[in-house]
Amino acid sequence: MGRYTVRRLLQMIPVFFGTTFLLYALMFALPGDPVRNLTIGKQTNPAYLEYIRDQFHLNQPFIVQYLLYMKGILTGDFGHTFNGTPVTEIFAQRWPVTLTLALTAFAIELVFGIGIGIWAAVRKGKIVDNLSLVGTLLVIAVPIFVIGYVMQWVFGVKLQWVAPAGIQDGWPKSYILPAIVLASVSLAYALRLTRQSLLETFGSDYVRTARAKGLPSSTVMRRYSLRNSLIPVVTFLGADLASLMAGAVITEGIFNIPGIGQQLYQSIHLHESVVVVGIVTVLVIVYLVMNLLVDLLYGVLDPRIRYE
Amino acid sequence: MFSRRRVAAAAAVTAAAALALTACGSSTSSSSSTSAAATSAASSAASSAASGAASSAASTPAKAGGSLSIASEEPQNLVPSNCYDLYCANVLRQMYTGLFKFETQADGTMAPVPTPLVDSITTTDGGTTWSIKIKDGWTFTNGEPITAQTFVDTWNYAAYADNGQQLGFVFGPAQLNVVGYDKVSAKGATTKTLDGLKVVSPTEFTMTLVAPLGQSLFENYVAGPQIYEMPSVAFKDIEAFNKQPIGDGPYKMDVPWTPNQKIDLVKNPDFKGTAGNADNVEFRVYNDTNAEWADLQANNVDVVPVLPTAAIPQAPQALGDRFINTPGALSYSYYFFPQQGTTFANKDVRRAIAMAIDTEAIDKKIYFDTRTRATSFAPSTIPGGGTDACGENCMYNPTKAKELLTAAGGVPGNKVQIAGLQGSPNTALKATCDMIQANLGVECTLKLFPDFGAELDAFQKIGAQDAGFIGGLGWGADNPTLANMIAPIFGTGSPSNYIGYSNPTFDKLIAEGNAAQDSATQIAKWQEAQKVLFDDFVAYPTDWRNTVAGYSTNVSNVVVDPQGYVNIPEIVVNNAG
């Protein structure tokens, strides 16, 4: 398993270079002159434009720009935004915020998605099951920003239980509402997946055998049904933590949370290649690491799965 | 691919936000609320609503103390000579004194008035050499005295090319044109000081210009962040200074700027001018304007200087007297036609199109009366502005429009195009196109571009054989002068003259106006220059914008001026003291 993990980690190196190159090329291909866009509607200062173009090597051909960027990264310089803030500083400020939001959302998803999923499966056809089915259908059908604005208006503006926007009240007060919104859709999927896959194991031979042996139903549930039914759920959740971070763009916008999603949106607008490439590359790596963790978890859940 | 999709998604959010808010936002009174903000514990709400935006900024402070929060976008930076957006300027105006600041006069126009730091500004030779005297005994909050040398060092720093300061152009031909600017602003320049700046004594320095300027224009140019004095520590470590600038104004920064979250100011006890009312001012950074609106309705932020478009339909009802909608902001929207190309070469075609557009209907139905139809390039808040210089060409007249177009022989292919932005709803542009189509019988479509830069690139590439398209942009002035509303975008060779317009008569009149010592002559010359633009009619202003803002029940005496600046020192926090 150790060798397998090392091999998987080594595979990330070419992925890193490939991703940065592709992203840089895509940012380069965006139409429009970023420097010019900085000054439209204001008096243009040619000396300043020249200064910015020089600073960011914008007059150089694509390959030179990319190589200079890579050289920077290998020497620990991740570049600057147009207003001179180092990308590393932006990361230090914004990743913790997004991580807090994503992990809070993930915890909500984990507890309520799996919890209610189990409850609904055990009480199949009863009121809990039916309510959760209707509820999840609604959440999946309604776009996330509608959920976001409605929740903000009801709980923030009308009832004033929490501030409608911002993180000035800290965790958990400022994060709870956006985290629920961010988690909502994934929670619905996790709930349905847990319920479905549990129901499948309930009808399987090994569960029937376990029951026939006279094992207590809680043991059957914990050691036989749940453990086996969790494999698809873990696959989903693993991939989901990464997409919670990437998907925070909309939620962070609605609730004015200064995380990585907001930065990504702004930087794409400003054509700040180095920031966009930096953020997305980190997202890709998070995704790969999560995938690896999921694969390793398979082995824990199902001892038949072995990695060489 | 990834990035493009995100942009589209985010744009969809903005559009949908408008729908979502309109759908559920008809009743939004929040009178029985307690604020969740750190700014105030309980809101003594109802009484304050009565003291509206109209109350004079000059009135004596009723109550001092308390905290207030201002919604802001993330400022680009906080170094004065590099501050070229509304958001950093709103912060720096509280932290610095400067030489002149703009104030609204009795006749409703804005004009530069000297700050308490200024002793006198005079010219002896008709506007070429200026002697600037400052008062003795002023210091920065770090104790450094403010002398003539302070100003000279700051301005040299701002103008020097390798310092990359956005507002360095103020010392160049676009505005002051100080002797020696060409030498310091060239790429890789080795000269770091302007020849035209000389220290005479600790409280006096002189500035020599290439060409003479009128007194009032000179005063307009030495107002605002670009000329704010900076202490010598700034030049030693500009990055640290950017995080926590040191100034000499009514407020100061005790803790560094928290990027993307907030900027906290506290009252400067040593300030020599009139102290501000509130003890603490927080500029809270929003990246999504709809979040500002949600926070304002919940009394969670006190002043929103620019209300989001989506909030405007409900704002008058939701805010009542606390909704500010004042005409005369220093900005306008304009359409411009390509002089080359086949479609718009005939001036009567351009006039016909302008007359076919019912701007007043668009302002009412689409902008909810937050814009006013423009009759000249400057609103009445600018000296010499607000006149009907455009005349019948800017007036909706479908019959005359059709006649003009018929007489001109129509347009090739019987179609025209207007530039729009991808991912934007383009509501007003679509309405404009429908009007052109209905009133002129000409097929009108939108030509979409990813951003304004791409639009301008395409505009500049229109050749003699191309049909071309109508472009649209907005312009905001740096100072309240008619010249600043027109010269930067229509002057020959000006870096912001995107449309390549050139008329020697126009340039000559602007220059004559700039040099005129007498204000009346100056304004008359600029008005003549403006008339040249309307005679050529390659571009015309459609709307003057309004100042559209709102404030919470926690504060009163809030005024947002035509430049978009909030009268922060004069705002009264209701529950304080």
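For the structure, see preceding data.
Computed from a predicted model, the values in this text were never measured in an experiment. (Residues numbered from 1 in each chain as written. Chains lettered and ligands numbered in written order. Predicted model: local features only at pLDDT ≥ 70, side-chain atom pairs only at ≥ 80, totals over all residues. Heavy atoms only, no water.)

Caption draft 1: Quick peek at the overall build of chain B. Counting its secondary structure elements, chain B contains 18 helices and 19 strands. Buried positions account for 57% of the 577 residues belonging to chain B. Of the contacts formed within chain B by residues at least 6 apart in sequence, a portion of 69% connects residues at least 24 apart. Counting only carbon and sulfur atoms, one obtains 54% of the accessible surface of chain B, whose full area is about 21100 Å². (Helix = DSSP H or I, 4+ residues; strand = E, 2+ residues; numbered from the N terminus. Buried < 20%, exposed > 50% of the residue type's maximum accessible area, 1.4 Å probe, protein only. Contact = heavy atoms within 4.5 Å. Areas by Shrake-Rupley, 256 points an atom, 1.4 Å probe, with all protein chains shown as cover.)

Caption draft 2: Quick peek at the interface of chain A and chain B. The interface of chain A with chain B comprises 54 residues on the first partner and 73 residues on the second. Summed over both sides, the interface of chain A with chain B buries roughly 5100 Å², with 57% coming from carbon and sulfur. Here chain A is connected to chain B by three salt bridges. Between the two partners, chain A and chain B, sit 12 residue pairs in polar contact (both at pLDDT 80 or more). Elements represented by at least two residues in the side of chain A that touches chain B include exactly helix H1 (2–29), helix H2 (34–39), helix H3 (46–55), helix H5 (87–122), helix H7 (144–158), helix H11 (248–254) and helix H12 (260–270) of chain A. Per-element accounting of the side of chain A that touches chain B gives the leading share, seven residues, to H7 of chain A. Across the side of chain A that touches chain B, the residue classes break down as 27 nonpolar, 19 polar and eight charged. (Buried area = accessible area lost by both parts, 1.4 Å probe. Salt bridge = Lys/Arg side-chain N within 4 Å of Asp/Glu carboxyl O. Polar contact = N/O pair within 3.5 Å; in protein donor to acceptor, adjacent residues only side chain to side chain. Nonpolar A, V, L, I, M, F, W, Y, C, P; charged D, E, K, R; others polar.)

Caption draft 3: Broad picture of helix H16 (residues 482–490) of chain B. All names here are of chain B. The buried fraction of H16 amounts to nine of the nine residues, a majority that puts the element mostly inside the structure. What H16 keeps buried is the set Leu-482, Ala-483, Asn-484, Met-485, Ile-486, Ala-487, Pro-488, Ile-489 and Phe-490. Buried-residue contacts for H16 involve strand E12 (323–336), strand E16 (471–476), helix H17 (504–515), helix H18 (519–536) and strand E17 (539–551).

Caption draft 4: Geometry of the pairing of strand E10 (residues 280–285) of chain B. All names here are of chain B. Taking burial as the measure, the six residues of E10 include five buried ones, the bulk of the element. Across five bridges, strand E9 (residues 262–267) lies against E10 in antiparallel orientation. Bridge pairing in E10 links Val-266 to Asn-280. (Pairing = 2+ DSSP bridges.)

Caption draft 5: How the structure looks around a nonpolar patch on the surface. Residues and elements named next belong to chain A. Together, Val-6, Leu-10, Ile-13, Phe-17 and Leu-74 make up a nonpolar patch on the protein surface, roughly 490 Å² of accessible area in all. Considering every element that reaches the nonpolar patch, the biggest residue donor is H1, with four residues. Structurally, the position occupied by Leu-10 is in helix H1. (Patch = residues over 30% accessible without salt bridge, like charges linked within 9 Å, V, L, I, M, F, W, Y side chains within 5 Å.)

Caption draft 6: How the structure looks around the state of the cysteines. Residues and elements named next belong to chain B. Using the criterion set out here, one finds three disulfides over all chains in the structure. Between the sulfur of Cys-433 and that of Cys-444 lies a disulfide, 1.9 Å long from S to S. Between Cys-433 and Cys-444, the disulfide has an S-S torsion of -70° and is therefore left-handed. Note that Cys-433 is positioned in helix H14 (residues 427–440) and Cys-444 in strand E15 (residues 443–449), a separation of 11 residues in sequence. In this structure, Cys-433 and Cys-444 share a single accessibility class: buried. (Disulfide = S-S within 2.5 Å.)

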